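Fold and geometry: a report
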Amino acid sequence: MTTRTESVDTPAGEARITWHPAPARTARLVLAVSHGAGGGIEARDLGALAAALPAHGITVALVEQPWRVAGKKVAAAPKVLDEGWRGLWPALAEPGLPVVAGGRSAGARVACRTAAGLGAAGVLALAFPLHPPGRPEKSRAAELTGAGRPTLVVQGGRDPFGRPEEFPPPDAQAPYELVEVPYADHGFAVPKKAGPTQDETLAVITEAVAAWLTGIPR
């Protein structure tokens, strides 16, 4: 299927959505994923999801936040990021399919903070920044556990922003699933000396996300 790019005016400025559509006869969900504070939608995990998921009936919408579209090098404040995400949500819902809110790093935080209010079908948190590197006391776990929607965390085994074993255990009040990506850092890069290759690592991510999304109600 041919990708297309859509500009969306939001209260925080112009955002951009790059659509990777599933075939119309099989499309069942939209996965909307945004980038982090240090990069754009060219991130390896976002690209891998956009390439793999349409074959599973998942339309992938890669979202560029207004600050990124404007060419700024520093991300906007969390309140402004949330404002931009809420402003583009109607465009994400336009296909008439359930929308799973997602993002990597700072984008994952935005998805968690806004999912319940927007009626998202679920939350995908890629490389969730549980705390600043070396500062575990500055936990952001409350954003994750307060998402209020079915949530999947995909986390690198050596992510300095939070290794899988640092996450709080899920419970009935804050249920979520966590998939560890062995040897991967915050950008899901793996050392050349690690057992899995980079392609195998990305396959761990795409297969885990595809399997989890099959459980999201239509």
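Residues numbered from 1 in each chain as written. Predicted model: local features only at pLDDT ≥ 70, side-chain atom pairs only at ≥ 80, totals over all residues. Heavy atoms only, no water.

All right, on to the overall build of the protein then. If you tally the helices and strands in the protein, you get six helices and eight strands. Listing the helices and strands of the protein from first to last along the sequence gives β-β-β-α-β-α-α-β-α-β-α-β-β-α. Overall, the C-alpha framework of the protein stretches about 40 × 40 × 35 Å when taken along its three principal axes. Going through the 218 residues of the protein one by one, you find that 51% of them count as buried. (Helix = DSSP H or I, 4+ residues; strand = E, 2+ residues; numbered from the N terminus. Buried < 20%, exposed > 50% of the residue type's maximum accessible area, 1.4 Å probe, protein only.)

With that settled, consider the sheet that holds strand β7 (residues 151-156). Overall, mixed pairing links the eight strands, which are arranged β1-β2-β4-β3-β5-β6-β7-β8 in an open sheet. Unpaired on one side and paired on the other, β1 (4-10) and β8 (177-181) mark the two borders of the sheet. Mean inter-strand twist for the sheet, computed between neighbouring axes without regard to direction, equals 20°. As defined by bridge partners, strand β3 (residues 29-34) adjoins strand β5 (residues 99-104) across five bridges and the pair is classed as parallel. (Pairing = 2+ DSSP bridges. Axes fitted to C-alpha atoms, helices over the stretch in contact; angles between N-to-C directions.)

Where helix α3 (residues 78-93) contacts helix α4 (residues 106-118), the two axes come as close as 10 Å, and the packing angle between them is 45°. Accordingly, the angle class assigned to the pair α3 and α4 is oblique. In this structure, the crossing between α3 and α4 has a hand that is right-handed. Contacts from Pro78, Leu81, Asp82, Trp85, Arg86 and Trp89 in α3 reach Val110, Arg113, Thr114 and Leu118 in α4. (Parallel < 35°, antiparallel > 145°, perpendicular 65-115°, else oblique. Left-handed = near helix turned anticlockwise from the far one by under 90°. Contact = heavy atoms within 4.5 Å.)

This next bit is on the packing of helix α1 (residues 44-52) against helix α6 (residues 198-213). Contact geometry of α1 with α6 gives a least axis separation of 9 Å together with a crossing angle of 60°. Overall, the two elements α1 and α6 adopt an arrangement that is oblique. Between α1 and α6 the crossing geometry is right-handed. Facing Arg44, Asp45, Ala48, Leu49 and Ala52 of α1, the residues of α6 in contact are Gln198, Leu202, Ile205, Thr206 and Val209. Among the residues forming the contact of α1 with α6, the class breakdown is six nonpolar, two polar and two charged. (Nonpolar A, V, L, I, M, F, W, Y, C, P; charged D, E, K, R; others polar.)

Buried residues of α1: Asp45, Leu46, Ala48, Leu49 and Ala50, and no others. Close packing links the buried residues of α1 with β2 (13-20), β3, β4 (58-64), β5, β6 (122-126) and α6.

As a further point, take the side chain of threonine 206. Secondary-structure assignment places threonine 206 in helix α6. Discounting chain neighbours no more than four positions away, the residues touching threonine 206 are Ala48, Leu49, Ala52 and Leu53.

Moving on: the pattern of salt bridges. Where side chains of opposite charge bring their charged atoms close, a pairing between them can arise. Taken as a whole and judged by the stated rule, the model has ten salt bridges. A salt bridge links glutamate 64 to arginine 16; its shortest N-O distance comes to 2.9 Å. Here the residue glutamate 64 occupies a position in strand β4, and arginine 16 occupies one in strand β2, the gap between them amounting to 48 residues. Judged by relative accessible area, which is 26%, arginine 16 ranks as partly exposed. A salt bridge links arginine 163 to glutamate 166, with the shortest nitrogen-to-oxygen separation between them at 3.7 Å. In this structure glutamate 166 comes out as partly exposed when scored by relative accessible area, which is 26%. Each of the salt bridges in this network shares a partner with another, and the network as a whole consists of Asp82, Arg109, Arg113 and Glu143. (Salt bridge = Lys/Arg side-chain N within 4 Å of Asp/Glu carboxyl O.)

Turning next to the packing of aromatic side chains. Taken as a whole, this structure holds two aromatic pairs when the rule is applied. Seen from their ring centres, tryptophan 85 and tryptophan 89 are 6.2 Å apart, and the 55° between their planes marks the pair as tilted. Highlighted residues: tryptophan 85 and tryptophan 89, both in helix α3, separated by four residues, approximately one helical turn. The same class applies to tryptophan 85 as to tryptophan 89, namely buried. (Phe/Tyr/Trp six-rings, centres within 6.5 Å; stacked < 30°, edge-to-face > 60°.)

The subject of this paragraph is unusual backbone geometry. The phi dihedral of serine 105 falls on the positive side, at around 55°, and the residue is not glycine. With respect to the helices, strands and loops of the structure, serine 105 is situated in the loop between β5 and α4. We classify serine 105 as buried; its relative accessible area is 11%. Look at tyrosine 183: it is not a glycine, yet its phi comes out positive at around 70°. Considering the arrangement of structural elements, one finds tyrosine 183 in the loop between β8 and α6.

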